[in-house]
Amino acid sequence: MEHFDALIQGDKPVVVHFFADWNESCRIMKPVIEEIKEIAAGNVMAVNVDISRHPHYSDSYNIISIPTIVIFKNGHELWRKVGFAGAEEILRHLSATTA
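Residues numbered from 1 in each chain as written. Predicted model: local features only at pLDDT ≥ 70, side-chain atom pairs only at ≥ 80, totals over all residues. Heavy atoms only, no water.

Participant: For the sheet that holds strand β1 (residues 14-19), give the residues involved together with the corresponding values.
Facilitator: Taken together, four strands build an open sheet; the order of strands is β2-β1-β3-β4 and the sheet is mixed. Only two strands of the sheet have a single neighbouring strand rather than two, namely β2 (45-50) and β4 (76-82). In this sheet, neighbouring strand axes are inclined to one another by 20° on average, regardless of whether the strands run parallel or antiparallel. The sheet contact formed by strand β3 (residues 68-73) and β4 spans six bridges and is antiparallel. In the strand pairing of β4, Val70 is matched with Arg80. With respect to the sheet, helix α2 (residues 24-39) is in contact with β1, β2 and β3, its orientation differing from that of β1 by roughly 165°. (Pairing = 2+ DSSP bridges. Helix = DSSP H or I, 4+ residues; strand = E, 2+ residues; numbered from the N terminus. Axes fitted to C-alpha atoms, helices over the stretch in contact; angles between N-to-C directions. Contact = heavy atoms within 4.5 Å.)

This is the structure:
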């Protein structure tokens, strides 16, 4: 995760799943993030950030509950969802970022 800050500064949208392995809802989100990677390959980055292993991201990005999904582009947060988000919902918000 050492390149995380540089990654979200790019002009390509980045879907970030802030999670912890011990959380059931987070485990359910992982396949959704993989689906986003497959569907939007080349146009979007999608990453999982384990806040148990990288707790400083919780503070830096105001993550108060998990799972939290955030779309970044050019270093700016464009959309945030706390709790489960399906692939369709995420893709709908991604299409708004690339329009």
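Participant: Break down the environment of Thr68 for me, with residues and values.
Facilitator: Summarising the element assignment, Thr68 is placed in strand β3. When the C-alpha atoms of Thr68 and Arg53 are compared, they prove to be 16 Å apart, with 15 residues separating the residues in sequence. Beyond its immediate stretch of four places on either side in the chain, Thr68 contacts Val16, His17, Phe18, Ile63, Arg80, Lys81 and Val82. A polar side-chain atom of Thr68 sits 2.4 Å from the main-chain carbonyl oxygen of Ser65. (Polar contact = N/O pair within 3.5 Å; in protein donor to acceptor, adjacent residues only side chain to side chain.)

Participant: Could you give me a rundown of the side chain of His17, with the residues and numbers involved?
Facilitator: Here His17 lies in strand β1. A polar contact of 2.7 Å, which involves the side chain of His17, links it to the side chain of Asn48.

Participant: Kindly report on the environment of Ser52, identifying the contributing residues and their values.
Facilitator: Mapped onto the fold, Ser52 is located in the loop between β2 and α3 (56-60). Once the C-alpha coordinates of Ser52 and Ala20 are considered, the two residues, 32 residues apart in sequence, prove to be 5.8 Å apart. Setting aside chain neighbours within four positions, we find Ser52 in contact with Phe19, Ala20 and Trp22. For Ser52, the side chain forms a polar contact with the side chain of Trp22, separated by 3.2 Å.

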